[in-house]
Amino acid sequence: MSSVIKVDIPGKSYEIVIAPGSLDNLGEQMASLKLGKKVLLVSNPMIFKHYGERVIASLQNVGFEVTSYNLPPGERYKTLNSIQKIYDIALENRLERSSTMVALGGGVVGDMTGFAAATWLRGINVVQIPTSLLAMVDSAIGGKTGVNHPHGKNLIGAFHQPSFVLIDPEVLKTLPASEFRAGMAEVIKYGVIWDAELFTQLEASKHLDQLRYVKSDLINFILTHSCQAKADVVSKDEKESGLRAILNYGHTIGHAVESLTNYRLFKHGEAVGTGMIAAGEIAVKLGIWRESDTIRQSTLIKKSGLPTQLPAGLDIEAIIDALQLDKKVKSGKVPFVLPTQIGEVKVTDEVPTDIIRQVLQEIQ
(Lines give C-alpha, C1' and ligand atoms only; values in the text may rest on other atoms or scores of the structure.)
Protein backbone atom coordinates (compact mmCIF):
# COMPACT_ATOMS: atom_id res chain seq x y z
CA MET A 1 0.00 0.00 0.00
CA SER A 2 1.44 3.37 -1.00
CA SER A 3 0.53 6.99 -0.23
CA VAL A 4 1.49 10.30 -1.77
CA ILE A 5 1.25 13.42 0.38
CA LYS A 6 1.84 16.89 -0.99
CA VAL A 7 3.56 19.63 0.95
CA ASP A 8 1.94 22.65 -0.65
CA ILE A 9 4.29 25.62 -0.29
CA PRO A 10 4.08 28.33 -2.99
CA GLY A 11 7.00 27.88 -5.37
CA LYS A 12 8.48 25.05 -3.28
CA SER A 13 5.84 22.31 -3.26
CA TYR A 14 6.98 18.70 -3.21
CA GLU A 15 5.70 15.19 -2.63
CA ILE A 16 6.22 12.68 0.15
CA VAL A 17 5.95 9.17 -1.25
CA ILE A 18 5.35 6.39 1.28
CA ALA A 19 5.68 2.97 -0.34
CA PRO A 20 7.16 -0.39 0.73
CA GLY A 21 10.09 -1.41 -1.46
CA SER A 22 10.36 2.05 -3.02
CA LEU A 23 14.06 2.45 -2.24
CA ASP A 24 14.95 0.71 -5.50
CA ASN A 25 12.80 3.18 -7.47
CA LEU A 26 14.54 6.30 -6.20
CA GLY A 27 16.40 6.87 -9.46
CA GLU A 28 13.23 6.86 -11.53
CA GLN A 29 11.49 9.19 -9.08
CA MET A 30 14.38 11.66 -9.12
CA ALA A 31 14.75 11.48 -12.90
CA SER A 32 11.15 12.61 -13.26
CA LEU A 33 12.00 15.77 -11.28
CA LYS A 34 14.53 16.82 -13.93
CA LEU A 35 17.35 17.39 -11.44
CA GLY A 36 21.00 17.80 -12.44
CA LYS A 37 23.09 14.72 -13.11
CA LYS A 38 25.56 15.06 -10.24
CA VAL A 39 24.49 13.58 -6.90
CA LEU A 40 26.24 13.53 -3.54
CA LEU A 41 24.80 10.79 -1.34
CA VAL A 42 25.34 11.49 2.37
CA SER A 43 24.76 8.74 4.92
CA ASN A 44 26.49 7.13 7.89
CA PRO A 45 28.45 3.84 7.89
CA MET A 46 25.70 1.65 9.39
CA ILE A 47 22.92 2.92 7.14
CA PHE A 48 25.16 2.86 4.08
CA LYS A 49 26.07 -0.75 4.81
CA HIS A 50 22.39 -1.71 4.65
CA TYR A 51 21.13 0.48 1.83
CA GLY A 52 23.87 2.56 0.24
CA GLU A 53 24.69 0.32 -2.70
CA ARG A 54 21.01 -0.15 -3.54
CA VAL A 55 20.46 3.59 -3.64
CA ILE A 56 23.59 4.19 -5.73
CA ALA A 57 22.57 1.46 -8.20
CA SER A 58 19.09 2.92 -8.53
CA LEU A 59 20.54 6.36 -9.28
CA GLN A 60 23.22 5.15 -11.66
CA ASN A 61 20.74 3.02 -13.59
CA VAL A 62 19.03 6.19 -14.83
CA GLY A 63 22.20 8.12 -15.53
CA PHE A 64 23.04 10.01 -12.34
CA GLU A 65 26.72 10.47 -11.47
CA VAL A 66 26.96 9.54 -7.81
CA THR A 67 29.54 10.28 -5.13
CA SER A 68 28.99 9.15 -1.55
CA TYR A 69 30.19 10.31 1.84
CA ASN A 70 29.53 8.80 5.28
CA LEU A 71 29.26 10.99 8.35
CA PRO A 72 30.09 9.61 11.79
CA PRO A 73 26.87 8.53 13.53
CA GLY A 74 25.50 10.43 16.48
CA GLU A 75 24.14 13.81 17.55
CA ARG A 76 27.52 14.91 18.90
CA TYR A 77 28.85 15.00 15.31
CA LYS A 78 26.11 17.37 14.20
CA THR A 79 28.57 20.26 13.96
CA LEU A 80 30.00 22.78 11.53
CA ASN A 81 33.13 20.62 11.32
CA SER A 82 31.05 17.83 9.80
CA ILE A 83 29.44 20.29 7.38
CA GLN A 84 32.92 21.39 6.29
CA LYS A 85 33.68 17.82 5.28
CA ILE A 86 30.55 17.68 3.13
CA TYR A 87 31.62 20.96 1.50
CA ASP A 88 35.04 19.48 0.78
CA ILE A 89 33.50 16.50 -1.01
CA ALA A 90 31.13 18.82 -2.91
CA LEU A 91 34.06 20.94 -4.06
CA GLU A 92 36.20 17.96 -4.98
CA ASN A 93 33.40 16.58 -7.14
CA ARG A 94 32.40 19.95 -8.60
CA LEU A 95 28.79 19.95 -7.48
CA GLU A 96 26.89 22.63 -9.39
CA ARG A 97 23.75 24.63 -8.65
CA SER A 98 21.72 22.03 -10.54
CA SER A 99 23.24 19.18 -8.50
CA THR A 100 21.53 17.32 -5.68
CA MET A 101 22.49 16.13 -2.23
CA VAL A 102 20.64 13.01 -1.11
CA ALA A 103 20.29 12.35 2.62
CA LEU A 104 20.08 8.64 3.40
CA GLY A 105 19.71 8.25 7.16
CA GLY A 106 18.03 9.51 10.28
CA GLY A 107 17.48 12.99 11.60
CA VAL A 108 21.15 13.86 12.08
CA VAL A 109 22.08 12.93 8.50
CA GLY A 110 18.97 14.66 7.15
CA ASP A 111 19.51 17.89 9.08
CA MET A 112 23.18 18.15 8.14
CA THR A 113 22.74 17.22 4.50
CA GLY A 114 19.89 19.69 4.23
CA PHE A 115 21.98 22.46 5.76
CA ALA A 116 24.93 21.68 3.50
CA ALA A 117 22.60 21.79 0.48
CA ALA A 118 21.03 25.04 1.69
CA THR A 119 24.40 26.76 1.89
CA TRP A 120 26.47 25.17 -0.90
CA LEU A 121 26.51 27.64 -3.82
CA ARG A 122 23.75 29.50 -1.92
CA GLY A 123 21.42 26.55 -2.23
CA ILE A 124 21.18 23.35 -4.27
CA ASN A 125 18.62 20.53 -4.41
CA VAL A 126 18.23 18.09 -1.57
CA VAL A 127 16.28 14.83 -1.50
CA GLN A 128 15.44 13.20 1.82
CA ILE A 129 15.37 9.40 2.26
CA PRO A 130 14.68 8.98 5.98
CA THR A 131 15.60 5.62 7.48
CA SER A 132 14.47 6.15 11.09
CA LEU A 133 10.90 6.48 12.31
CA LEU A 134 11.67 9.90 13.77
CA ALA A 135 13.05 11.20 10.48
CA MET A 136 10.18 9.67 8.49
CA VAL A 137 7.46 11.38 10.47
CA ASP A 138 9.23 14.60 11.36
CA SER A 139 12.70 15.85 10.52
CA ALA A 140 12.79 14.88 6.82
CA ILE A 141 9.69 16.98 6.15
CA GLY A 142 9.37 20.74 6.30
CA GLY A 143 12.80 22.03 5.36
CA LYS A 144 14.27 22.69 8.79
CA THR A 145 18.01 22.08 8.52
CA GLY A 146 20.90 22.80 10.82
CA VAL A 147 23.63 21.84 13.22
CA ASN A 148 24.18 22.23 16.94
CA HIS A 149 26.17 24.86 18.76
CA PRO A 150 27.97 23.75 21.94
CA HIS A 151 25.44 25.79 23.93
CA GLY A 152 22.26 24.77 22.15
CA LYS A 153 20.57 22.43 19.71
CA ASN A 154 20.07 23.55 16.09
CA LEU A 155 21.09 27.13 16.79
CA ILE A 156 22.79 27.24 13.37
CA GLY A 157 20.55 26.44 10.42
CA ALA A 158 18.35 27.42 7.52
CA PHE A 159 14.96 26.65 6.04
CA HIS A 160 15.55 24.67 2.85
CA GLN A 161 12.72 22.54 1.49
CA PRO A 162 13.58 19.20 -0.12
CA SER A 163 12.71 18.50 -3.75
CA PHE A 164 11.30 15.13 -2.77
CA VAL A 165 10.90 12.83 0.24
CA LEU A 166 10.90 9.04 -0.21
CA ILE A 167 9.79 6.84 2.69
CA ASP A 168 10.23 3.08 2.43
CA PRO A 169 8.69 1.50 5.56
CA GLU A 170 10.68 -1.69 4.97
CA VAL A 171 13.90 -0.01 6.08
CA LEU A 172 12.47 0.17 9.61
CA LYS A 173 13.23 -3.56 9.88
CA THR A 174 16.92 -2.73 10.43
CA LEU A 175 16.20 0.13 12.85
CA PRO A 176 17.40 -0.54 16.42
CA ALA A 177 14.55 -0.84 18.91
CA SER A 178 15.83 2.18 20.84
CA GLU A 179 15.55 4.33 17.70
CA PHE A 180 12.05 3.05 17.00
CA ARG A 181 11.03 4.07 20.51
CA ALA A 182 12.58 7.50 20.02
CA GLY A 183 10.53 7.99 16.87
CA MET A 184 7.32 7.12 18.66
CA ALA A 185 7.70 10.30 20.71
CA GLU A 186 7.16 12.40 17.59
CA VAL A 187 4.21 10.23 16.56
CA ILE A 188 2.55 10.76 19.95
CA LYS A 189 3.27 14.47 19.56
CA TYR A 190 1.16 14.62 16.40
CA GLY A 191 -1.67 12.86 18.19
CA VAL A 192 -1.64 15.46 20.95
CA ILE A 193 -1.22 18.59 18.84
CA TRP A 194 -3.22 17.79 15.69
CA ASP A 195 -4.74 14.36 15.16
CA ALA A 196 -6.96 12.89 17.88
CA GLU A 197 -7.72 9.89 15.67
CA LEU A 198 -4.02 9.03 15.54
CA PHE A 199 -3.82 9.28 19.33
CA THR A 200 -6.79 6.92 19.71
CA GLN A 201 -5.30 4.40 17.28
CA LEU A 202 -2.08 4.39 19.30
CA GLU A 203 -4.03 3.79 22.49
CA ALA A 204 -5.64 0.71 20.91
CA SER A 205 -2.26 -0.98 20.39
CA LYS A 206 -0.95 -3.12 23.25
CA HIS A 207 2.71 -2.44 22.49
CA LEU A 208 4.45 0.49 20.81
CA ASP A 209 8.04 -0.01 21.89
CA GLN A 210 9.23 -2.34 19.11
CA LEU A 211 8.41 -2.64 15.43
CA ARG A 212 7.70 -6.36 15.70
CA TYR A 213 4.81 -5.68 18.05
CA VAL A 214 3.19 -3.07 15.81
CA LYS A 215 1.08 -4.38 12.94
CA SER A 216 1.95 -3.27 9.42
CA ASP A 217 -1.41 -1.56 8.92
CA LEU A 218 -0.80 0.52 12.05
CA ILE A 219 2.70 1.43 10.80
CA ASN A 220 1.14 2.62 7.56
CA PHE A 221 -1.48 4.58 9.54
CA ILE A 222 1.23 6.12 11.72
CA LEU A 223 3.34 7.16 8.74
CA THR A 224 0.52 8.60 6.64
CA HIS A 225 -1.20 10.46 9.47
CA SER A 226 2.03 11.83 10.95
CA CYS A 227 3.35 12.96 7.58
CA GLN A 228 -0.01 14.48 6.68
CA ALA A 229 -0.05 16.38 9.97
CA LYS A 230 3.44 17.73 9.36
CA ALA A 231 2.56 18.62 5.74
CA ASP A 232 -0.64 20.40 6.83
CA VAL A 233 1.18 22.54 9.37
CA VAL A 234 4.20 23.34 7.19
CA SER A 235 1.99 24.22 4.22
CA LYS A 236 0.22 26.79 6.37
CA ASP A 237 3.39 28.20 7.99
CA GLU A 238 6.69 27.37 6.32
CA LYS A 239 9.05 29.40 8.50
CA GLU A 240 7.49 29.13 11.95
CA SER A 241 5.95 32.57 12.08
CA GLY A 242 2.86 31.22 13.81
CA LEU A 243 1.15 27.83 13.55
CA ARG A 244 4.32 25.80 12.93
CA ALA A 245 5.45 26.56 16.47
CA ILE A 246 3.07 23.86 17.69
CA LEU A 247 5.45 21.26 16.23
CA ASN A 248 7.78 22.13 19.12
CA TYR A 249 5.50 20.41 21.62
CA GLY A 250 7.76 18.70 24.16
CA HIS A 251 10.85 20.15 22.54
CA THR A 252 11.41 23.21 24.73
CA ILE A 253 12.44 21.28 27.82
CA GLY A 254 13.56 18.33 25.67
CA HIS A 255 16.18 20.41 23.86
CA ALA A 256 17.46 21.81 27.15
CA VAL A 257 17.89 18.29 28.51
CA GLU A 258 19.74 17.18 25.37
CA SER A 259 22.09 20.15 25.46
CA LEU A 260 22.88 19.82 29.17
CA THR A 261 23.71 16.13 28.77
CA ASN A 262 25.88 16.77 25.68
CA TYR A 263 23.53 14.69 23.50
CA ARG A 264 24.95 11.50 25.04
CA LEU A 265 22.40 10.43 27.64
CA PHE A 266 19.00 10.78 25.93
CA LYS A 267 18.12 10.29 22.30
CA HIS A 268 16.16 13.19 20.81
CA GLY A 269 12.86 11.31 21.02
CA GLU A 270 13.51 10.29 24.61
CA ALA A 271 14.14 13.92 25.57
CA VAL A 272 10.96 14.97 23.73
CA GLY A 273 8.99 12.29 25.60
CA THR A 274 10.12 13.75 28.91
CA GLY A 275 9.42 17.23 27.57
CA MET A 276 5.84 16.24 26.72
CA ILE A 277 5.36 14.88 30.23
CA ALA A 278 6.52 18.24 31.61
CA ALA A 279 4.36 20.26 29.19
CA GLY A 280 1.30 18.20 30.10
CA GLU A 281 1.85 18.75 33.81
CA ILE A 282 2.38 22.48 33.26
CA ALA A 283 -0.91 22.63 31.32
CA VAL A 284 -2.73 20.86 34.16
CA LYS A 285 -1.31 23.28 36.74
CA LEU A 286 -2.41 26.21 34.57
CA GLY A 287 -5.91 24.73 34.44
CA ILE A 288 -6.06 24.37 30.65
CA TRP A 289 -5.81 20.55 30.38
CA ARG A 290 -7.58 17.78 32.21
CA GLU A 291 -5.66 15.49 34.54
CA SER A 292 -7.26 12.50 32.80
CA ASP A 293 -5.73 13.55 29.47
CA THR A 294 -2.25 13.93 30.88
CA ILE A 295 -2.63 10.39 32.28
CA ARG A 296 -3.60 9.18 28.78
CA GLN A 297 -0.52 10.86 27.36
CA SER A 298 1.76 9.43 30.05
CA THR A 299 0.36 5.96 29.42
CA LEU A 300 1.19 6.19 25.71
CA ILE A 301 4.69 7.45 26.44
CA LYS A 302 5.31 4.58 28.87
CA LYS A 303 3.81 2.09 26.39
CA SER A 304 6.37 3.31 23.86
CA GLY A 305 9.21 2.55 26.26
CA LEU A 306 10.13 6.20 26.65
CA PRO A 307 11.34 7.86 29.87
CA THR A 308 8.89 9.90 31.88
CA GLN A 309 11.45 11.39 34.24
CA LEU A 310 14.48 13.62 33.87
CA PRO A 311 17.96 12.05 33.82
CA ALA A 312 19.24 11.44 37.33
CA GLY A 313 21.34 14.23 38.78
CA LEU A 314 20.36 16.88 36.24
CA ASP A 315 20.24 20.29 37.90
CA ILE A 316 16.81 21.92 37.73
CA GLU A 317 18.17 25.45 37.74
CA ALA A 318 20.51 24.56 34.88
CA ILE A 319 17.49 23.47 32.83
CA ILE A 320 15.67 26.72 33.59
CA ASP A 321 18.75 28.70 32.56
CA ALA A 322 19.13 26.62 29.37
CA LEU A 323 15.56 27.46 28.35
CA GLN A 324 16.71 31.03 27.74
CA LEU A 325 18.96 29.77 24.94
CA ASP A 326 16.01 28.34 23.03
CA LYS A 327 15.77 29.77 19.49
CA LYS A 328 12.16 30.79 20.07
CA VAL A 329 12.75 33.00 23.12
CA LYS A 330 11.50 36.57 22.60
CA SER A 331 12.25 39.42 25.00
CA GLY A 332 13.45 36.87 27.53
CA LYS A 333 10.13 34.98 27.52
CA VAL A 334 10.14 31.25 26.79
CA PRO A 335 7.22 30.10 24.62
CA PHE A 336 5.65 26.78 25.59
CA VAL A 337 3.36 24.62 23.49
CA LEU A 338 0.70 23.37 25.89
CA PRO A 339 -2.19 20.97 25.27
CA THR A 340 -5.78 22.03 25.82
CA GLN A 341 -7.35 18.74 24.70
CA ILE A 342 -6.24 15.69 22.71
CA GLY A 343 -5.65 17.04 19.20
CA GLU A 344 -5.34 20.71 20.16
CA VAL A 345 -2.65 22.89 21.73
CA LYS A 346 -1.88 26.55 22.34
CA VAL A 347 1.36 28.51 22.44
CA THR A 348 1.99 30.80 25.39
CA ASP A 349 4.95 32.64 26.85
CA GLU A 350 3.10 33.30 30.12
CA VAL A 351 4.28 30.28 32.07
CA PRO A 352 5.58 31.33 35.50
CA THR A 353 9.08 30.11 36.27
CA ASP A 354 7.86 28.77 39.61
CA ILE A 355 5.49 26.40 37.84
CA ILE A 356 8.23 25.23 35.48
CA ARG A 357 10.49 24.62 38.48
CA GLN A 358 7.76 22.78 40.39
CA VAL A 359 6.99 20.45 37.46
CA LEU A 360 10.66 19.72 36.83
CA GLN A 361 11.10 18.82 40.49
CA GLU A 362 8.11 16.47 40.29
CA ILE A 363 9.54 14.54 37.31
CA GLN A 364 13.10 14.52 38.65
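Each chain carries its own residue numbering, running from 1 in the direction its sequence is written. pLDDT decides what is reported in this predicted model: residues at 70 or higher carry local features, side-chain atom pairs at 80 or more are listed and counted, and totals for whole chains, interfaces and linings draw on all residues regardless. Computation of side-chain values: all heavy atoms of the structure, hydrogens and water removed.

**Focus on the environment of Ile 16**
Right, on to step 1. The way it works is that DSSP assigns letters per residue, a run of H or I at least four long becomes a helix, a run of E at least two long becomes a strand, and they are numbered from the N terminus. Along the polypeptide, Ile 16 turns up in strand E2 (residues 14–18).
Right, on to step 2. Exposed residues in this analysis have more than 50% of their type's maximum accessible area, buried residues have under 20%, and partly exposed residues fall in between, with area computed by a 1.4 Å probe over protein chains only. Owing to a relative accessible area of 0%, Ile 16 belongs among the buried residues under this scheme.
Right, on to step 3. Distance in space between the C-alpha atoms of Ile 16 and Lys 6 is 6.2 Å, their sequence separation being ten residues.
Right, on to step 4. If we skip the residues at most four places from it in the chain, Ile 16 touches Ser 3, Val 4, Ile 5, Val 7, Ile 141, Val 165, Ile 167 and Cys 227. Should any heavy atoms of two residues lie within 4.5 Å, those residues are counted as being in contact.

**A short note on empty space enclosed by the protein**
Right, on to step 1. The distinction between a cavity and a pocket rests on a 1 Å grid over the protein atoms alone: a 1.4 Å probe fits inside a cavity but cannot get out, while a pocket stays open yet meets protein on both sides within 12 Å along at least five of seven lines, and a residue with an atom within 4 Å of a point counts as lining. Grid points are joined across faces, edges and corners, and a volume is the space filled by probe spheres set on the points. In total, this model carries three cavities of 30 Å³ or more according to the counting rule given.
Right, on to step 2. Empty space within the largest cavity amounts to approximately 120 Å³.
Right, on to step 3. Looking at the largest cavity, it is lined by 13 residues, and the ones nearest its centre are Gly 152, Lys 153, His 255, Leu 325 and Asp 326.
Right, on to step 4. If you tally residues by element for the lining of the largest cavity, the top one is helix H9 (residues 251–260), at four residues.
Right, on to step 5. Gly falls in the polar group here, along with every residue not listed as nonpolar (Ala, Val, Leu, Ile, Met, Phe, Trp, Tyr, Cys, Pro) or charged (Asp, Glu, Lys, Arg). A breakdown of the residues in the lining of the largest cavity according to their chemical character gives five nonpolar, five polar and three charged.

**Details of the sheet that holds strand E6 (residues 125–130)**
Strands pair in a sheet through their backbones, by hydrogen bonds, and they do so in one of two ways: parallel or antiparallel.
Right, on to step 1. When DSSP finds two or more bridges between two strands, those strands count as paired. As summarised here, the arrangement of the seven strands in space is E1-E2-E9-E6-E5-E3-E4, forming an open sheet in which the pairing is mixed. On the outer flanks of this sheet lie strand E1 (3–7) and strand E4 (65–70), each paired with one strand and no other. The mean inter-strand angle of the sheet, taken between neighbouring strand axes irrespective of direction, is 20 degrees.
Right, on to step 2. Pairing of strand E5 (residues 100–105) with E6 involves six bridges; the strand directions are parallel. Considered in E6, the bridge of Thr 100 is made with Asn 125.
Right, on to step 3. Simply put, an axis is a line fit to the C-alpha atoms, just over the touching stretch for a helix, and the angle between two N-to-C directions goes from 0 to 180 degrees. Lying on the sheet, helix H4 (residues 107–119) is in contact with strand E3 (38–43), E5 and E6; it crosses E5 at an angle near 170 degrees.

**Focus on the packing of helix H7 (residues 196–204) against helix H11 (residues 291–303)**
Describing two packed helices takes the angle between their axes plus the distance from one axis to the other.
Right, on to step 1. In contact at an axis separation of 10 Å, H7 and H11 are set at 55 degrees when each is read in the N-to-C sense. In terms of orientation, H7 lies oblique with respect to H11. Where H7 crosses over H11, the two elements pack in a sense that is left-handed. Contact residues: H7 offers Phe 199, Thr 200, Leu 202 and Glu 203, while H11 offers Arg 296, Gln 297, Leu 300 and Lys 303. Working rule for angles: under 35 degrees goes down as roughly parallel, over 145 as roughly antiparallel, 65 to 115 as roughly perpendicular, anything else as oblique. Handedness of a helix crossing follows the sense of rotation of the near helix relative to the far helix, less than a right angle counterclockwise being left-handed and clockwise being right-handed.

**Some words on the layout of surface pockets**
Where empty space is left can be seen by rolling a probe of water-molecule size over the atoms.
Right, on to step 1. In this model, the second largest pocket occupies a volume close to 260 Å³.
Right, on to step 2. What lines the second largest pocket is Met 1, Pro 20, Pro 169, Glu 170, Lys 173, Leu 211, Val 214, Ser 216, Asp 217, Ile 219 and Asn 220.
Right, on to step 3. For the lining of the second largest pocket, a count of residues per class yields six nonpolar, two polar and three charged.

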